[in-house]
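Each chain, letter by letter, is given below.
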Amino acid sequence: MNFFLLSLIKAAVVAFVLLTTLAYLQWVERKVIAHIQVRIGPSRVGPHGLMQPLADVIKLITKEDLIPPYVNKFLYLAAPFFAITMALLSISVIPFGAEIHIFGGDTWMQLADLNIGVLFILAVSSMGVYGIALAGWASNNKYALMGGLRSSAQMISYELPLSMAVAAPLLLANTLSLRQIVQHQEGYYLGFIPHWSVFQTPMPQVFSFFIFLIAAFAETNRIPFDLPEAENELVAGYHTEYSSMKFAAFFMAEYSNMVTVCCMTTTLFLGGWLPLWPAAGGSNFVPAIVFLLAGAIALYHGLNPVRRRDGFTLPVVAVVFFLLAVLFLIPALRGALLPLFWFAAKTGTLLFVFIWIRGTLPRFRYDQLMAFAWKFMFPVAVLNLLVTGLMVALFP
Amino acid sequence: MDVVLFLIFAAIAVVCGFNVVVQSHPISSAISLIGVMGSLAVLYLLLGAEFLAAAQVIVYAGAIMVLFVFVIMLLNAGAEIRRGRALLAQVLGIPLLFAFLGLMLYFVQHMFPGARDVHFGGFKHGTALDVGRALFTQYLLPFEVVSVLILIAILGAVVLAQKEME
């Protein structure tokens, strides 16, 4: 198989999956938050509101694309483009799964394995600030400018603890390539504790895991750190003056950053595509069992419908789940699907945590945000890095 | 391929560098400077110094320039007002520039007579491993001295910030 053709196909698949995930992540977020707040959430467009993302896309495309007067036109137009480009770029170095055999050739479920993979993601994410900062400045609007200012200050501050937290597991893995970082986490202690960075001797990376996660919330401008777009202070922050697809670009950039950060956390700390416990303990059957159980639950509720159309929609969902379960039982597909399942499961759990926190915590005040970054996160991250370095040097 | 990429990004770097000086608004100049940094990173990458390229983007384009843009936005600096140039600058500006460039060319050729064209892919020590090893063995003393220098700068910044608080 031609290398270029194969890369092209892989890129197309990853782009398609990523964009679909972005659209449906928003649906999931609205549903989860609705249930946290004891509401139903989107339910009108399609069964259980499943067509809502499509409706949103149509709405955003057909809206009037307004360019306000007195904006700096070049930067105003370039900012959303820049933001979305940088957000989508970093997914290219994430390893989704192990090596697979396809079209008579071997390939990795990863677009590119750079030997500076971690640095590449840090570089791209640090460039992403410009999209937000320049959007705020170019809009010629006080609220937007405040949002842009806040975001650049916030992202510079939280990049430090983030980078320090990333450095600690790198000391354990001794490489910057994301694929090799995952490969280094292979294996189990005592036969059942995974060799992931969070559990790895000589220094389990629990602290840096939490620092990374908290800093990631700030880097992606999510609640409780969504100061750049704090709606009750700044209207909509840096994207106040944007409408239609330009607004959608910022929106997608935020969600895409969220997905990347969760993939990064999975890769660095949670063992990437590696299963939770060894195959000897039956971890190969987990996906099948999970999907069978989900299908059974859906079938039960479909047979005892609460709402009008549940009698039809839920059995359909159940059949889809059963088919997925059967897919995971086919031995030929297992090699490719199992790593993907574990990667998606870990990343999905983290994404759920992001949404869950949004439904739970209030927003920080601006001075609290800065004090937290510089007086707590940064010292702890440095201390963790020093102790990790010492432990690695003492117990190689 | 390498040469084509080199020409493209070298041209971008030069044009952006020119733009930094020509633009009247500080934000436009800052963005041009980001363009210079970015294309320099690509040039490093072409030469096989991937760690340096990543560091260039993270440190210069991603941190220092963000700070520049932040300060320009915070001060809300407007476009620069052009005043008439001095007669001396008008007459001597361009000849002096060429004289300076010629002088530089002369010195480079005389100080490094053995210098030849750069070969793409000829340099193989640009990985993080090699750079780290060099920093902690061959260049340990300069590295430590620089770190002390930066520490002094940090302390200075803290002292300055403290004074304003009182």
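Preceding this section is the structure that the text describes.
Our subject in this report is the structure included herewith.

1. Some details on the overall build of chain B
Item 1. Along the backbone of chain B there are six helices and zero strands.
Item 2. Reading chain B from its N end, one meets helices and strands in the order α-α-α-α-α-α.
Item 3. By the compact-globule yardstick of 15 Å for 166 residues, chain B is too spread out, its C-alpha radius of gyration being 20 Å.
Item 4. Expressed along its principal axes, the backbone C-alpha trace of chain B runs to roughly 50 × 50 × 30 Å.
Item 5. Out of the 166 residues in chain B, the part that is buried amounts to 19%.

2. Some points on the overall build of chain A
Item 1. Across its full length, chain A carries 13 helices and four strands.
Item 2. For chain A, whose C-alpha radius of gyration is 22 Å, the value lies close to the compact-globule estimate of 21 Å for 396 residues.
Item 3. For chain A, the spread of C-alpha atoms along the principal axes amounts to about 65 × 65 × 50 Å.
Item 4. Evaluated residue by residue, chain A yields a buried proportion of 49% over its 396 residues.
Item 5. Counting only contacts in chain A whose residues sit at least 6 apart along the sequence, the fraction spanning at least 24 positions is 77%.
Item 6. A total of about 18800 Å² of accessible surface is found on chain A, and carbon and sulfur atoms cover 74% of it.

3. Observations concerning the interface of chain B and chain A
Item 1. The partner chain A presents 20 residues to the 20 residues of chain B that form the contact.
Item 2. Buried surface at the junction of chain B and chain A, summed over both partners, amounts to about 1800 Å²; 82% is from carbon and sulfur atoms.
Item 3. At the boundary of chain B with chain A, the tally comes to zero salt bridges.
Item 4. In terms of residue count, the dominant contributor to the side of chain B that touches chain A is helix 3 (residues 50-75) of chain B (14 residues).
Item 5. For the side of chain B that touches chain A, the per-class residue count stands at 16 nonpolar, three polar and one charged.

4. Focus on helix 2 (residues 26-46) of chain B
Item 1. Here helix 2 of chain B is 21 residues long and its end C-alpha atoms lie 30 Å apart, about the 30 Å a rise of 1.5 Å per residue gives.
Item 2. Of the surrounding elements, those touching the buried residues of helix 2 of chain B are helix 3 (73-89) and helix 4 (117-138) of chain A together with helix 1 (2-22) and helix 3 of chain B.
Item 3. Downstream of helix 2 of chain B by a residue or two, G48(B) has a phi angle that is positive, lying close to 95°.

5. Quick notes on empty space enclosed by the protein
All names here are of chain A.
Item 1. According to the stated counting rule, one finds one cavity of 30 Å³ or more in the structure shown.
Item 2. When its volume is computed, the largest cavity comes out at roughly 360 Å³.
Item 3. Residue lining of the largest cavity: 25 residues in total, with S125, M155, E219, T220 and N257 positioned closest to the centre.
Item 4. Of all the secondary structure elements, the ones that give two or more residues to the lining of the largest cavity are helix 3, helix 4, helix 5 (142-173), helix 7 (206-219) and helix 9 (244-269).
Item 5. Looking at the lining of the largest cavity element by element, the count peaks at seven residues for helix 9.
Item 6. Within the lining of the largest cavity, the residues separate by chemical class into 16 nonpolar, seven polar and two charged.

6. Thoughts on the packing of helix 10 (residues 286-303) of chain A against helix 12 (residues 331-360) of chain A
Angle between the axes and distance between the axes are the two parameters that describe a pair of packed helices.
Residue and element names in this part refer to chain A.
Item 1. Put simply, helix 10 and helix 12 touch, their axes get as near as 10 Å, and they point 65° apart. On helix 12, the residues that touch V286, P287 and F291 of helix 10 are L338, F341 and W342.
Item 2. Partitioning the contact of helix 10 with helix 12 into residue classes produces six nonpolar, no polar and no charged.

7. Considerations on the pattern of salt bridges
Residues and elements named next belong to chain A.
Item 1. All told, the structure shown has six salt bridges over all chains when counted by the stated rule.
Item 2. The residue D65 makes a salt bridge to K246 at a minimum N-O spacing of 2.7 Å. Here K246 lies in helix 9 and D65 lies in the loop between helix 2 (52-62) and helix 3, a separation of 181 residues in the sequence.
Item 3. Classification of D65 by relative accessible area gives partly exposed; the value is 44%.
Item 4. Accessibility expressed as a relative area gives 10% for K246, which makes it buried.
Item 5. Taken together, the shared-partner salt bridges connect E29, R222, E254 and R358 into one network.

8. Looking at the environment of T107(A)
Item 1. Tracing the sequence through the fold places T107(A) in strand 2 (residues 105-109).
Item 2. Sequence separation between T107(A) and S7(A) is 100 residues; the distance between their C-alpha atoms is 9.4 Å.

9. What to know about the state of the cysteines
Residues and elements named next belong to chain A.
Item 1. Throughout the structure, instances matching the rule amount to zero disulfides over all chains.
Item 2. Left unpaired, C262 is separated from the closest cysteine sulfur, that of C263, by 7.2 Å.
Item 3. Looking at C263, the relative accessible area reads 3%, which means it is buried.

Rules behind the numbers
- Residues numbered from 1 in each chain as written.
- Chains lettered and ligands numbered in written order.
- Predicted model: local features only at pLDDT ≥ 70, side-chain atom pairs only at ≥ 80, totals over all residues.
- Heavy atoms only, no water.
- Helix = DSSP H or I, 4+ residues; strand = E, 2+ residues; numbered from the N terminus.
- Rg over C-alpha atoms; globule rule 2.2 N^0.38 Å.
- Buried < 20%, exposed > 50% of the residue type's maximum accessible area, 1.4 Å probe, protein only.
- Contact = heavy atoms within 4.5 Å.
- Areas by Shrake-Rupley, 256 points an atom, 1.4 Å probe, with all protein chains shown as cover.
- Buried area = accessible area lost by both parts, 1.4 Å probe.
- Salt bridge = Lys/Arg side-chain N within 4 Å of Asp/Glu carboxyl O.
- Nonpolar A, V, L, I, M, F, W, Y, C, P; charged D, E, K, R; others polar.
- Expected span 1.5 Å × (residues − 1).
- 1 Å grid on protein atoms, 1.4 Å probe; cavity = no way out; pocket = protein on both sides within 12 Å on 5 of 7 lines; lining within 4 Å.
- Points joined across faces, edges and corners; volume = space filled by probe spheres on them.
- Axes fitted to C-alpha atoms, helices over the stretch in contact; angles between N-to-C directions.
- Disulfide = S-S within 2.5 Å.

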